[in-house]
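Here is how the chains run, residue by residue.
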Amino acid sequence: MELHDLSAGDGVLEQVGEVARAALTRHDVSPAATVTLINVSENATFLVDDPSTGERSILRVHRLGYHAAQAIESELAWLSALRGEAGVRTPRVIPARDGAGVVHVPHGPRSRHVVRFEFLPGVEPPQERLIDGFKQLGAVTARMHRHARRWRRPPGFTRFAWDWDAAFGREARWGRWQDGVGVDAEARAVLDRLEGRLRERIGRYGDGPERFGLIHADLRLANLLDDGGPEPSVIDFDDCGFGWHVYDLAAALSFIEHEPVVPELIDSWLDGYRSEERLAGEDEREIWTFILFRRLLLTAWIGSHQGVEIARVLGAGYTLGTCDLAEHYLTR
């Protein structure tokens, strides 16, 4: 695994801001346009305001070593196909003047990939509409899965997988959960048992095409934009890849897996999903398996992404909560 360089300190975010401004010179944007950092997660996301036109847009500057350019082009192809063929609201890519969707900007001895998207209105679904929001999310997710099953992917399409090896193998994509914040000997003993149980159940569950395919893989609330319409927009396909369909439900519950409302959210998501697509009983029986799979994966993510605000805030408390959920799961 290549370390998350946006957490490295030493002024890296200021340097990434310079990359963002350099990328904009390849676009039809006035020199007076402002670039404001709005989020750091797997990548750095900037808001671009152009006073000459009043246009707003989003600029995503990729971390080093996470995706090759061809994989990013593949992401953009699915995002566009979902919007045009499945009726899923996704942001349009704004190409550079030369027509490139992905711009490459030199940064030291390497280059960073940069993509510009249209600005979509809306906010993260509010807490008071959470139950209804999850029903909408379930329906949208089902349409995305159906589209992915039937879609003829373009030549050269490539995305990584969210399988067992990618999550917990020797080259774990987000690092080792054993290196998570606050993973002491007691926590490690509990989480070792959890990993063993997850491996056993997922191994039995399998990865046949009816349950494993192209998924968003990060359909959490922060990646939905609610503008009061019939359903939210879906953004941030950077982690999309090949994984278990039920994992998309687990991802929707990221960082709130312990909340008392979760069983209601699951039921609501399932109602929405079933309104569009069938979900087998075997899939439903493994929902909590994949919630714990995601939770353990996020425990690793927090340890390797200390430059990300939510990772710093959650820290060791999230690991402790993972242990509590693991104990409950293991004794069910």
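Refer to the structure printed above.
**A few points about the side chain of arginine 112**
Right, on to step 1. With respect to the helices and strands, arginine 112 occurs in strand β5 (residues 110–118).
Right, on to step 2. There is a polar contact of 2.4 Å between the side chain of arginine 112 and the side chain of aspartate 5.

**Considerations on the nonpolar core**
Right, on to step 1. Core analysis: the largest hydrophobic core is formed by 103 residues, its most contacted members being Trp78 and Phe293.
Right, on to step 2. Of all the elements, helix α9 (residues 287–304) adds the most residues to this core, at 11 residues.

**Side note on the environment of alanine 81**
Right, on to step 1. Relative to the elements of secondary structure, alanine 81 occurs in helix α2 (residues 69–85).
Right, on to step 2. Taking the C-alpha atoms as reference points, alanine 81 and phenylalanine 117, 36 residues apart in sequence, are found 15 Å from one another.
Right, on to step 3. When neighbours within four sequence positions are excluded, alanine 81 is seen to be in contact with Ala86, His147 and Trp151.

**Some details on the sheet that holds β5**
Pairing between the strands of a sheet comes from backbone hydrogen bonds, and it takes one of two forms, parallel or antiparallel.
Right, on to step 1. Spatial strand order, β1-β2-β3-β5-β4: 5 strands in an open sheet with antiparallel pairing. Taken across any chain shown, the strands that pair with only one partner, and hence form the sheet edges, are β1 (34–40) and β4 (103–107). For this sheet, the mean inter-axis angle between neighbouring strands, taken without regard to orientation, is 30°.
Right, on to step 2. Taken together, the 5 bridges between β4 and β5 define a ladder with antiparallel strand orientation.

Definitions and limits used
- Note on numbering: residues in each chain are counted from 1, in written sequence order.
- Thresholds applied to this predicted model are a pLDDT of at least 70 for local features of residues and 80 or more for the giving and counting of side-chain atom pairs; totals over whole chains, interfaces and linings are not thresholded and use all residues.
- Working from all heavy atoms in the structure, the side-chain values ignore hydrogens and water.
- Helix and strand assignments follow DSSP, with helices taken as H or I runs no shorter than four residues and strands as E runs no shorter than two, numbered in order from the N terminus.
- What qualifies as a polar contact is a pair of N or O atoms within 3.5 Å, subject to a donor-acceptor requirement within protein and to the restriction that residues adjacent in sequence count only when both atoms come from side chains.
- The set of buried Ala, Val, Leu, Ile, Met, Phe, Trp, Tyr and Cys residues whose side-chain atoms join them within 4.5 Å is what this entry labels a nonpolar core.
- For the exposure calls, accessible area comes from a 1.4 Å probe over protein chains only, and a residue counts as buried if that area is under 20% of its type's maximum, exposed if over 50%, partly exposed in between.
- In this description, contact between two residues means that some pair of their heavy atoms is separated by no more than 4.5 Å.
- Any two strands between which DSSP finds at least two bridges are classified as paired.
- Axes here mean lines fitted to C-alpha atoms, for a helix over just the part in contact, with angles spanning 0 to 180 degrees between N-to-C directions.

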